[in-house]
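Chain by chain, the residues run as shown.
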Amino acid sequence: MPGYHPQDIEKKWQDFWKDHQTFQADNASEKPKYYVLDMFPYPSGAGLHVGHPLGYIASDIVARYKRLRGYNVLHPMGFDSFGLPAEQYAIQTGQHPAVTTEQNISTYIRQLSALGFSYDWSREIRTSDPAYYKWTQWIFLKLFNSWYNLETNRAEPLKTLLDKFATGGSAGIRAAGDEAERHDFTAGQWQSFSEKQRLQAVHPYRLAYQQDTYVNWCPGLGTVLSNDEVKDGLSERGGFPVERRLMPQWNLRITAYADRLLAGLDQLDWPDAVKEMQRNWIGKSQGASVRFPVYLRTAEGEMKPQPEEIEVFTTRVDTIFGATFLVLAPELDLTLALGERAAAQADYSPEASQTWSELQAYVKTAVNRSERERQTDVKTVSGAPTGFYVQNPFTLEYVPVWTADYVLAGYGTGAVMGVPSGDQRDWLFATHFNLPIRQILDAQQNLDQQADPTKEGRYINSGFITGLTYDEALEQLRLRLRANRVGEPKTTFRIRDAIFGRQRYWGEPIPIYYKDSVAYGVAEADLPLVLPEIDAYKPTETGEPPLARAQDWLYKGQYPYELSTMPGWAGSSWYYLRYMDPHNAERFVGEEAEAYWQNVDLYLGGAEHATGHLLYSRFWHLFLKDLGLVTANEPFQKLINQGMILGRSNFVYRVNGTNTFVSLGKRDQYETTALHVDVSIVNNDVMDTESFKKWRPDYAMAEFILEDDGRYICGSEVEKMSKAKFNVVNPDVLVAQYGADALRMYEMFLGPLEQFKPWNTNGMSGVAGFLKKLWRLYHPQDGAFAVTDEPAAPAELKALHKAIRKVEEDIERFSFNTTVSALMITVNELTALACHKRAVLEPLVVLLSPYAPHLAEELWAELGHAPGSISQAPYPEFREEFLVEDTVNYPVAINGKVREQLQFPAAATAAEIEAAVRATDVLERFAEGKPAKKVIVVPGRMVNIVV
């Protein structure tokens, strides 16, 4: 049957590309390299919906375009195949997660292939493949066996640290990490240490270390969750309650790299919003550390000094005279320890006993709120008095210490001084609990209504800085801090070390074993440490991780392994490197391959990965760079966050208490409840009522109140695509109906790549019609191929070269929607010109090929080229001369008012144009015969006659 039928050609070319490995990249090419990468997907059981391919289509267009421009393009695909969904399914069904994952991957590969993506499938990787996660474990061991030397500002192998211990003990060593966790010793003591003592001394210096850490523990899932996996105190998956619990956890010392992660952002071509999110997550703050002595009030009312001091980090030390209370994070051990001592000190008077009970109850509740919830919930004010006091080192007054969940243990020291006149959260807290609010600057206003954080004006009620400006006061305070030995300037970061353990089965085993309760790294020669078979995939009855179910799972047959597995982001933190050399059994990436590809030139993915995945990947890359294992400074040079394609949901309206559904136009006559309905049985908001009755058993006997014309009209709303909203559109259906090329072009046509866009399947027919129209340039009247070798006319060449310039400019700036529009305009122009000439239509196929590769391959072959060779075709050269006009239309104005349009040769001079205008009857017709005082010619633009 004549005409364009995508189903006939798309499978043909997909098979050709696969059989001929058309898109296989070369690791040793003389061409310039270009590495374009998608954030690789987790293969869920639901497969792809039309929102998923948006970024993949854009990256594929760029990959195909760069090949046409002469680049050696690496465009790989793989799967982030460890994860909680497959494990949860395994717990429910008993099916091994590997089986589910393999099935899901097969579905993804089929769907991705059907969309014609130019992936180099020979480089496919899966994070759950032992051949891959061997190297994830290897990188972990490198972290475990490294420390961060603040003198050299880089990670170094532990051997350099051990050499320092052997010659000088721990004295003078500047290493990233928590000084409080470490112990001082001499070289002689080091020499006398046992193996266990040495390992215990080294452990707090490691970049991968174990420590008791507050985590989000989900009993319902039996695992630790990241902050991103907790919403409103419940697990994102399953909706189970989540509590904060202190547990031994493996951590990675990302804090060592905070400054470098911050500085590196300036060199990256990333969206400003993403870079700002990373800056905020790292949270560098410069200020001062101030020490407040602790006091307890005796039963007689006297203040008794305690051995502790509470260190407070503040970015506004100038406000210390306005500190009327101090707040500790609820999860600090000091909070309850001093609270209990305060109650005992007061001999458990009724007031002290009540305070102690209130404190215990509050801490128990507060520590179970996630950090995200505590940071974002600015409306709820809560807290409890601790019963003890601190002394302000400058005013010498005693101020009460409270605990409140708006203070986090992970930021600064977990203690803040409450300055309600200058900080809104402190103001809300002081107002709620009737604590003093002291004005400290004469420029502060309306303190009875809100805090005023101004730095303007001069200080009042502020001791020795009273009368000074902010800059003057700051210098005086710095001098007094040092002189009184109560503090010093300090820089802190909000970022915390990354928790690296999950109490799950379906993840990379952490390559650690224990001997005499001390952690040892598995020998590199014994990698990979493969997941053992177990009888069930849930935690044990005693609460141990699922790996505790493994029988006789011991290192060398005698030492127990670590039972936690790595988090989901472990394998995705370095996968871009493995794509460079995926089959190398000797190295995580070959040196030559890494030196050639270096890093990703273009990375596409969702903005939701701005802090987690992207920050961890940068951290791992900097670490590998420190060890001399990679050459590039950063993993991803340019980043684009594609927007989300939103679903168009439809609603039916059930009359309350019945199984009757009323159409949209008559719903106001009834009390109804709106319910989502499957969009596949709705066309232009008109629902097929018979299909609705077959959709779900409980609707089989449904009755309908229809519009007067007999139709059932649904309501509609644009919202996120979700199976729960029944608004998911399967690309398989659209490919079968319209073809993959039409789907690719339609997704790009919807709007700018970075923006959110509503989906409307009805728009597909327009793009499909455009492709048919283009086909007819080569096959007039849908007949036989009929491209001629006649010379192209100037108008045809003009249409072509306008398109060449526009398409090139748009792809280079990643404006894909405007390219589709430009191609549509070009095809309309050439159709109007009845153009069927090779000189125009052959370059047009090349322009089209990144967007509609199947159709382009078919036409390219029909034009007489080797099958499948369009990827190596030269990109059409833009020639300006074809856009130069032979003549120019000049508006002719008299005293500024346009009266006539005259045409002159493009090369005409101003004098020639003026003479020609004077020779016309324009003045006679529009100036009432008045002579021209002046004729102003703007070359190429207009003529103005002044009379």
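Keep in mind the model is a prediction, meaning the values are calculated, not measured.

Engineer: Is there a simple way to think about the sheet that holds strand E17 (residues 498-499) in this case?
Structural biologist: Ordered in space as E6-E5-E9-E17, the four strands form an open sheet in which the pairing is antiparallel. Whereas interior strands pair on both sides, the edge strands pair on one side only; in this sheet they are strand E6 (223-225) and E17. Pairing of strand E5 (residues 208-218) with E6, which is carried by three bridges, proceeds in the antiparallel orientation. Note on E6: the bridge partner recorded for cysteine 218 is threonine 223. The strands touched by helix H5 (residues 130-144) are E5 and strand E9 (243-252); relative to E9, the strand with the most contacts, the crossing angle is about 90 degrees.

Engineer: Help me understand the packing of helix H2 (residues 53-68) against helix H21 (residues 740-749) in this model?
Structural biologist: A packed helix pair is summarised by two numbers, namely the angle formed by the two axes and the spacing between the axes. Where H2 meets H21, the axes come as close as 10 Å, and the angle between the chain directions of the two elements is 105 degrees. If you check the angle between H2 and H21, you find them roughly perpendicular. Counted together, Pro53, Leu54, Ile57, Ala58, Asp60, Ile61 and Arg64 of H2 and Leu743, Arg744, Glu747 and Met748 of H21 form the full contact between these two elements. Of the residues belonging to the contact of H2 with H21, the class tally is seven nonpolar, no polar and four charged.

Engineer: I'm lost on helix H10 (residues 272-282) in this one. Help?
Structural biologist: Because each turn of an α-helix spans 3.6 residues, side chains separated by three or four positions in sequence point in the same direction. Val274, Lys275, Gln278 and Ile282 are the residues of H10 that are buried. Viewed along the axis of H10, the buried residues span an arc of 100 degrees, placing them on a single side of the element. Facing away from the buried side of H10 by over 90 degrees, the exposed positions are Asp272 and Ala273. Packed against the buried residues of H10 are helix H9 (258-264), strand E10 (284-297), strand E16 (487-493), helix H18 (612-626) and strand E23 (639-641). Count one or two residues on from H10 and you reach glycine 283, which has phi positive near 60 degrees.

Engineer: Whenever I open this one, the nonpolar core confuses me. Can you help?
Structural biologist: Most often, soluble globular proteins have nonpolar side chains that are buried together. Phe140, Leu252, Tyr257 and Phe588 are the most contacted members of the largest nonpolar core, which totals 91 residues. The dominant element in this core, judged by the number of residues it contributes, is H5, at nine residues. By size, the runner-up hydrophobic cluster in this structure holds 89 residues, among which are Val73, Met721, Leu753 and Tyr851.

Engineer: Honestly, a nonpolar patch on the surface in this entry has me stumped. Any pointers?
Structural biologist: Together, Ile936, Val938 and Met942 line one region of the surface with nonpolar side chains, adding up to about 200 Å² of accessible area. The residue isoleucine 936 is located in strand E35 (residues 934-938) in this model. Judged by its relative accessible area of 36%, isoleucine 936 is partly exposed.

The rules we used
Residues numbered from 1 in each chain as written. Predicted model: local features only at pLDDT ≥ 70, side-chain atom pairs only at ≥ 80, totals over all residues. Heavy atoms only, no water. Pairing = 2+ DSSP bridges. Helix = DSSP H or I, 4+ residues; strand = E, 2+ residues; numbered from the N terminus. Contact = heavy atoms within 4.5 Å. Axes fitted to C-alpha atoms, helices over the stretch in contact; angles between N-to-C directions. Parallel < 35°, antiparallel > 145°, perpendicular 65-115°, else oblique. Nonpolar A, V, L, I, M, F, W, Y, C, P; charged D, E, K, R; others polar. Buried < 20%, exposed > 50% of the residue type's maximum accessible area, 1.4 Å probe, protein only. Arc of directions from axis to C-beta. Core = buried A, V, L, I, M, F, W, Y, C linked by side-chain atoms within 4.5 Å. Patch = residues over 30% accessible without salt bridge, like charges linked within 9 Å, V, L, I, M, F, W, Y side chains within 5 Å. Areas by Shrake-Rupley, 256 points an atom, 1.4 Å probe, with all protein chains shown as cover. Salt bridge = Lys/Arg side-chain N within 4 Å of Asp/Glu carboxyl O.

Function cannot be inferred from these measures alone, as they are strictly geometric.
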